[in-house]
Amino acid sequence: MTQASLTDTLSDWLTARGDTEPGQPLGARLAQGLRDAVLQGVIAAGQRLPATRALAQRLGVARNTLVAVYAQLAAEGFVVAGRGSGTYACRVAPERVSAGSTRAQVDAAPLPAPTLSARGQRYQEHPLHRFWSRQPFCPGLFDAHLFPHALWNRLLAQPLRHADAALLDAGEPGGAPPLRQAIAQHVRATRGVHCEPEQVIITDSTAQSLDLIARLLCDPGDRVWIENPCYWGASQTLADLGLTLQPIDVDDDGLPVPPAPTRGAPRPRLAYLTPSHQFPTGAVMPLARRLDWLAHARQHGTLLIEDDYDSEYRYTGMPFPSLQGLEGDVGAGSRVLYLGSFSKTMYPGIRVGFMVVPIALAGVFGNASADFYRDGDQLVQHGLARFIAEGHYAAHVRALRREYGARREALVQALWLHLPDLLETPERLRLLGGARGVHLTIGLPDQVDDQALALRCRALGVTAIPLSVYCVGTARRGLVLSYAGSPADQIAGLVARLAPALRRALASKL
């Protein structure tokens, strides 16, 4: 093909493509068009490209635009520039292009979709995904009307007006020092946690805290005791990192202390606990059992992960002390890693969690957090530090505690209003847990298919997560209802929707 005919062919090819990349600069569109021309055989391998001046005139564009495009394609390996002899297409087109063809033969067989790993399949197939829907009573919903937006915006805007390089940098390992200081003071005062600011490691969630713990303290195959039923993010994260889960059924006092391992038997490296409000049953671990767990950990070398995810919400009496606080100030010999999060007290999108690690591990955890995940938004961390240090966080939590307490009471009253006969017989319907947290779990008889019932509730516009999807061992039946996102005056109407479905499910099985 002569240079003149190639110029005409290539110009027609580029013009026929039209604006296939709307919004892209002219040079970017021409570069992509020429790439496709090389790959699809419009320009044969080894063929000389038209001179930039001739092609620019034919296309009606500036020659400098094409000069830059040719240079970009040369850098990418699509073309090569000879010394004074022009620019030539490289052999990057598919080998199936015949020598006499100017177009590649398109293979009609579709390419198979990429396949998920075993880990990806486990995530995709987790039954929780079938039931989670952003409807009333769905876990994780946030009522924006309860958040002090004006105050929060002011705290974020102030550092922006005086932002320096430190706020725009990646931050220090472990998180912004003012936030670590504020959190240390807060958990010391409210949860009795023994810690210094350097022991506080900022993460973006409880799941990331668990990921870091498993990476640094465990090897694949190590055993971990977990609660059954269990927060799905914990069981999923720990299993995906190759740990062997050993579920233990919880009772009305939380996770029982297992018998001491026999001589020679492998000892679990970790135990995952939610002692202040077991998720999802709502059980609270009494003092005697907490002390038994601490004694067991000291004797057998087990590390205890205390997930204190919603201890702020206790509506009667004083909060129970943290497991870590009961351990006392044991310095480097601490066996408890304390986890907290702001997703239920601030708003889910803030993506700020934290953990308190033994002093001997503080340095490596801070460095590893920075290396593996990079630090979070410095502006948010500094804003949250001020929000806590100036007392706004404590006031906000007090307001939430009053509101959520009223919502929980509205839910309990509505259930008793619509289902009194069933609730009077605990073996038929049972409200699990006590006056704490932001969710209520309804226990069902073993014969009831809680997943089928949850699907019926979803069709009625109410999300009720079946208790069985949180189980990693012996299955238990029930429904988990979160009232955090539902105003108190709407709860009675929502319960009225799901009450008939509950009655039908129980009537068909009992």
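Residues numbered from 1 in each chain as written. Predicted model: local features only at pLDDT ≥ 70, side-chain atom pairs only at ≥ 80, totals over all residues. Heavy atoms only, no water.

Sorry if this is basic, but what is going on with the sheet that holds strand β13 (residues 478-482) here?
Sheet strands pair via backbone hydrogen bonds, and the direction of the pair is either parallel or antiparallel. Pairing is antiparallel across the open sheet formed by four strands, whose spatial order is β10-β11-β13-β12. Either end of the sheet is taken by a strand with one partner, and the two such strands are β10 (430-432) and β12 (465-466). Inspection of the sheet shows β10 paired to strand β11 (residues 439-443) by three bridges, in the antiparallel sense. Residue pairing across strands places Leu432 opposite Thr441, the latter belonging to β11. Along the sheet face, helix α15 (residues 392-418) touches β10, β11 and β13 and points at about 25° away from the line of β11. Sheet strands in contact with helix α17 (residues 450-459) are β12 and β13, and its direction is about 40° off that of β13. (Pairing = 2+ DSSP bridges. Helix = DSSP H or I, 4+ residues; strand = E, 2+ residues; numbered from the N terminus. Contact = heavy atoms within 4.5 Å. Axes fitted to C-alpha atoms, helices over the stretch in contact; angles between N-to-C directions.)

Got a minute to help me understand empty space enclosed by the protein in this structure?
One simple way to see leftover space: roll a probe sized like a water molecule over the atoms. All told, the structure shown has two cavities of 30 Å³ or more when counted by the stated rule. Approximately 80 Å³ is the volume found for the largest cavity. Of the residues assigned to the lining of the largest cavity, the class counts are three nonpolar, four polar and four charged. Quantified by volume, the second largest cavity comes out at close to 40 Å³. Lining the second largest cavity, in full, are His277, Pro280, Thr281, Gly282, Arg408, Leu432, Gly433, Gly434, Arg436, His439, Leu440 and Thr441. Counting residues per element, the lining of the second largest cavity draws most heavily on β11, which supplies three residues. Partitioned by chemical class, the residues of the lining of the second largest cavity number three nonpolar, seven polar and two charged. (1 Å grid on protein atoms, 1.4 Å probe; cavity = no way out; pocket = protein on both sides within 12 Å on 5 of 7 lines; lining within 4 Å. Points joined across faces, edges and corners; volume = space filled by probe spheres on them. Nonpolar A, V, L, I, M, F, W, Y, C, P; charged D, E, K, R; others polar.)

Looking at this structure, how should I read the pairing of strand β3 (residues 200-203)?
It is a general feature of regular strands that their side chains alternate between the two faces of the sheet. Of the two faces of β3, both are covered, the one formed by Val200 and Ile202 as well as the one formed by Ile201 and Thr203. Across four bridges, the pairing between β3 and strand β9 (residues 353-356) is antiparallel. Counterpart to Val200 in the pairing with β9 is Val356. (Buried < 20%, exposed > 50% of the residue type's maximum accessible area, 1.4 Å probe, protein only.)

Explain the nonpolar core here, please?
Proteins that are soluble and globular tend to have nonpolar side chains buried together. Counting 45 residues, the largest nonpolar core has Phe137, Leu411, Leu415, Leu429, Leu444, Leu453 and Leu502 as the members making the most contacts within it. Counting only elements with at least two residues in this core, the list comes to α15, α16 (420-423), β11, α17, β13 and α18 (488-509). Of the residues forming this core, the biggest block, nine residues, is contributed by α18. Setting aside residues no more than four positions away along its own chain, Leu415 makes contact with Pro420, Leu423, Leu431, Leu440, Ile442 and Val495. Counting residues in hydrophobic clusters, the runner-up holds 28 residues, among them Ala182, Tyr347, Val356 and Ile388. (Core = buried A, V, L, I, M, F, W, Y, C linked by side-chain atoms within 4.5 Å.)

Any chance you could explain the confidence of the model for the protein here in plain terms?
Segments scoring low in pLDDT should not have their predicted coordinates read at a detailed level. Here the protein averages 89 in pLDDT, while 93% of its residues score no lower than 70. Low pLDDT, under 50, characterises residues 95-106; the stretch is placed with 16 contacts to residues that sit more than four places away or in other chains. (pLDDT = per-residue confidence, 0-100.)

I tried to follow the packing of helix α9 (residues 206-217) against helix α13 (residues 362-373) on my own but got confused; where do I start?
Two numbers describe a pair of packed helices, the interaxial angle and the distance between the axes. Their axes nearest at 11 Å, the elements α9 and α13 cross at an angle of 115°. Taken together, the axis directions place α9 and α13 in an arrangement best described as roughly perpendicular. With respect to the hand of their crossing, α9 and α13 are arranged in right-handed fashion. Of α13, the residues touching α9 (which contributes Gln208, Asp211, Leu212, Ile213, Arg215, Leu216 and Leu217) are Val364, Phe365, Ala368, Ser369, Phe372 and Tyr373. Of the residues assigned to the contact of α9 with α13, the class counts are nine nonpolar, two polar and two charged. (Parallel < 35°, antiparallel > 145°, perpendicular 65-115°, else oblique. Left-handed = near helix turned anticlockwise from the far one by under 90°.)

Would you mind showing me how to read the pattern of salt bridges here?
A side chain of one charge can pair with a side chain of the opposite charge when the charged atoms of the two come close. Throughout the structure, instances matching the rule amount to 13 salt bridges. The salt bridge involving Asp240 is made with Arg122; its shortest N-O contact spans 3.1 Å. With Asp240 in helix α10 (residues 232-240) and Arg122 in helix α5 (residues 118-124), the pair connects residues that are 118 residues apart, well separated along the chain. For Arg122, a relative accessible area of 41% puts it in the partly exposed group. Put simply, Arg215 and Asp211 hold a salt bridge, and the shortest N to O gap is 2.6 Å. (Salt bridge = Lys/Arg side-chain N within 4 Å of Asp/Glu carboxyl O.)

Looking at this structure, I do not really get the environment of Pro280. What am I missing?
Position of Pro280 among the secondary structure elements: in the loop between β6 (270-273) and α11 (287-300). Note: C-alpha distance between Pro280 and Trp416 (136 residues apart in sequence) is 21 Å. Non-local contacts of Pro280, meaning those with residues more than four positions away in its chain, are made with Pro229, Cys230, His439, Thr441, Leu467, Tyr470 and Val480.

Can you help me understand the packing of helix α2 (residues 26-39) against helix α4 (residues 63-76) in this one?
Between α2 and α4, whose axes approach to 9 Å, the crossing angle comes to 50°. Taken as axis vectors, α2 and α4 run oblique relative to one another. The interaxial crossing formed by α2 with α4 has right-handed handedness. When α2 is examined against α4, the residues Leu26, Gly27, Leu30, Ala31, Leu34 and Arg35 are found in contact with a partner set consisting of Thr65, Leu66, Val69, Tyr70, Gln72, Leu73 and Glu76. Residues that form the contact of α2 with α4 fall into these classes: eight nonpolar, three polar and two charged.

What is the right way to read the sheet that holds β9 from this model?
An order of β3-β9-β8-β7-β6-β4-β5 is seen for the seven strands of this open sheet, with the pairing classed as mixed. Sheet topology places β3 and β5 (244-249) at the edges, where each strand pairs with a single neighbour. Put simply, the sheet's adjacent strands are angled 20° from each other on average, direction ignored. Judged from the two bridges that link them, strand β4 (residues 223-228) and β6 form a sheet pairing that is parallel.

Would you explain unusual backbone geometry in this entry?
Both trends apply: most residues other than glycine have a negative phi, and most peptide bonds are in trans. With omega at 0°, the peptide bond leading from Asn228 into Pro229 counts as cis. Looking at the element boundaries, Pro229 is found in the loop between β4 and α10. The peptide bond linking Phe279 to Pro280 adopts the cis configuration, its omega dihedral lying at 10°. Even without a glycine there, the phi angle at Phe137 is positive, about 75°. Look at Arg351: it is not a glycine, yet its phi comes out positive at around 55°. Mapped onto the secondary structure, Arg351 falls in the loop between β8 (336-341) and β9. Residue class for Arg351 comes out partly exposed when judged on its relative accessible area of 47%.

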